[in-house]
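Here is how the chains run, residue by residue.
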Amino acid sequence: WDGVLPSLFDHVAASGGETISYFEGYFGSAALNVHEEAYYLLDLATDRASTASLLDYDRRMTHDLASRIAEAHQPPNLVFLRYSCVDMRGHVYGPSSEEYRGAILSVDRLIGELVGVLKLATLPDGDTLYDRANFVLFSDHGMVDTPTFVDLDAALMDMGFDPMPTSDISEVILSAIDSERILEH
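Notes on the structure follow. Quick caveat, the model's predicted, so the values are computed rather than measured. (Residues numbered from 1 in each chain as written. Predicted model: local features only at pLDDT ≥ 70, side-chain atom pairs only at ≥ 80, totals over all residues. Heavy atoms only, no water.)

We now examine the overall build of the chain. Scanning the chain for helices and strands turns up nine helices and three strands. When the helices and strands of the chain are read in sequence order from the N terminus, they spell out α-β-β-α-α-β-α-α-α-α-α-α. (Helix = DSSP H or I, 4+ residues; strand = E, 2+ residues; numbered from the N terminus.)

Given below as structure tokens:
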């Protein structure tokens, strides 16, 4: 989303389409970027209590999009939603936890609400938005239970590395390789 190659948002905007992004990042060509609150919640997401805030945010995001779709004269051509609660509950509580399973069920219900709104939104030709919608669901990674927890950012900082480098990745890799220190850990 922050690379030099054109994004899907760039292509849709270039063809005159409308886009909405609910994501902690920023797509410059998206007609609407709803991300400030997600950034705030993700910064808070280092403690267990804030995972409830993320589910609340996911709900508000879904309801906001449903309202926009229901009220739109021209529906958006591309919508990007990033549900944060499932990911964060997996990180905080683990992938076998009730909290994680509960978050999955909650997000499933939210997606169901959006599908319901799309089925009610009728286009001039009689089709619904649901008839014309394409859904792409994906995750940024998987999770497995492990016997120990490793705070990778802290381990890298202890070794003198910057876990969030701002320079070119090839420079970081070339300057950071120290196989003896890495193998010790």
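There is more to say after this.
Let us now look at the packing of aromatic side chains. Taken as a whole and assessed by the stated rule, the structure comprises two aromatic pairs. Where Phe 80 meets Phe 138, the ring centres are 6.3 Å apart and the plane angle is 40°; that geometry is what we call tilted. Here Phe 80, found in strand β3 (residues 78–81), pairs with Phe 138, found in the loop between α6 (129–132) and α7 (152–158); they are 58 residues apart in sequence, far enough to count as distant. When the ring of Tyr 130 is compared with that of Phe 135, the centres are 6.3 Å apart and the planes differ by 45°; the resulting orientation is tilted. Just above the ring of Tyr 130 sits the side chain of Lys 119; from NZ or CZ to the centre is 4.8 Å. (Phe/Tyr/Trp six-rings, centres within 6.5 Å; stacked < 30°, edge-to-face > 60°. Lys NZ or Arg CZ within 6 Å of the ring centre and 35° of its normal.)

In this section: the pairing of β3. Only one face of β3 is covered, namely the face carrying Leu 78 and Phe 80; the face carrying Val 79 and Leu 81 is uncovered. Here strand β1 (residues 19–22) pairs with β3 via four bridges, running parallel. Residue pairing in the sheet places Ser 21 in a bridge with Phe 80 of β3. (Buried < 20%, exposed > 50% of the residue type's maximum accessible area, 1.4 Å probe, protein only. Pairing = 2+ DSSP bridges.)

A complete count under the given rule lists six salt bridges for this structure. Taking the shortest distance from any N to any O, the salt bridge between Asp 56 and Arg 59 comes out at 3.0 Å. Of the two residues, Asp 56 and Arg 59 both sit in helix α3 (residues 50–71), three residues apart, roughly one turn of that helix. Overall, the relative accessible area of 35% leaves Asp 56 in the partly exposed class. Two residues, Arg 101 and Glu 98, come together in a salt bridge whose shortest N-O distance is 2.7 Å. A residue pair is termed a helical-turn pair when its members lie 3 or 4 positions apart in one helix, as Arg 101 and Glu 98 do in helix α5 (residues 98–120) at three residues. Since its relative accessible area comes to 57%, Glu 98 is described here as exposed. Several salt bridges share partner residues, and in doing so they unite Asp 125, Asp 127 and Arg 132 into one network. (Salt bridge = Lys/Arg side-chain N within 4 Å of Asp/Glu carboxyl O.)

Checked against the element boundaries, Ser 7 lands in the segment before α1 (8–14). Only 3.2 Å separates the side chain of Ser 7 from the backbone nitrogen of Phe 9, close enough to count as a polar contact. (Polar contact = N/O pair within 3.5 Å; in protein donor to acceptor, adjacent residues only side chain to side chain.)

Okay, a nonpolar patch on the surface next. Where nonpolar side chains cluster on the molecular surface, the patch consists of Tyr 130, Phe 135 and Leu 137 and spans about 330 Å² of accessible area. Take Leu 137: it is sitting in the loop between α6 and α7. Assessed through its relative accessible area of 67%, Leu 137 is described here as exposed. (Patch = residues over 30% accessible without salt bridge, like charges linked within 9 Å, V, L, I, M, F, W, Y side chains within 5 Å. Areas by Shrake-Rupley, 256 points an atom, 1.4 Å probe, with all protein chains shown as cover.)

Before going further, it helps to examine the side chain of Arg 82. Take Arg 82: it is sitting in the loop between β3 and α4 (85–93). With relative accessibility at 16%, the residue Arg 82 sits in the buried group. A distance of 3.0 Å separates polar atoms of two side chains, one belonging to Arg 82 and the other to Ser 84.

For α4, the tally of buried residues reaches seven of nine residues, placing the bulk of the element in the interior. Listed as buried for α4 are Cys 85, Val 86, Asp 87, Met 88, Arg 89, Gly 90 and Val 92. Following α4 by one or two positions, Gly 94 has its phi on the positive side, about 100°.

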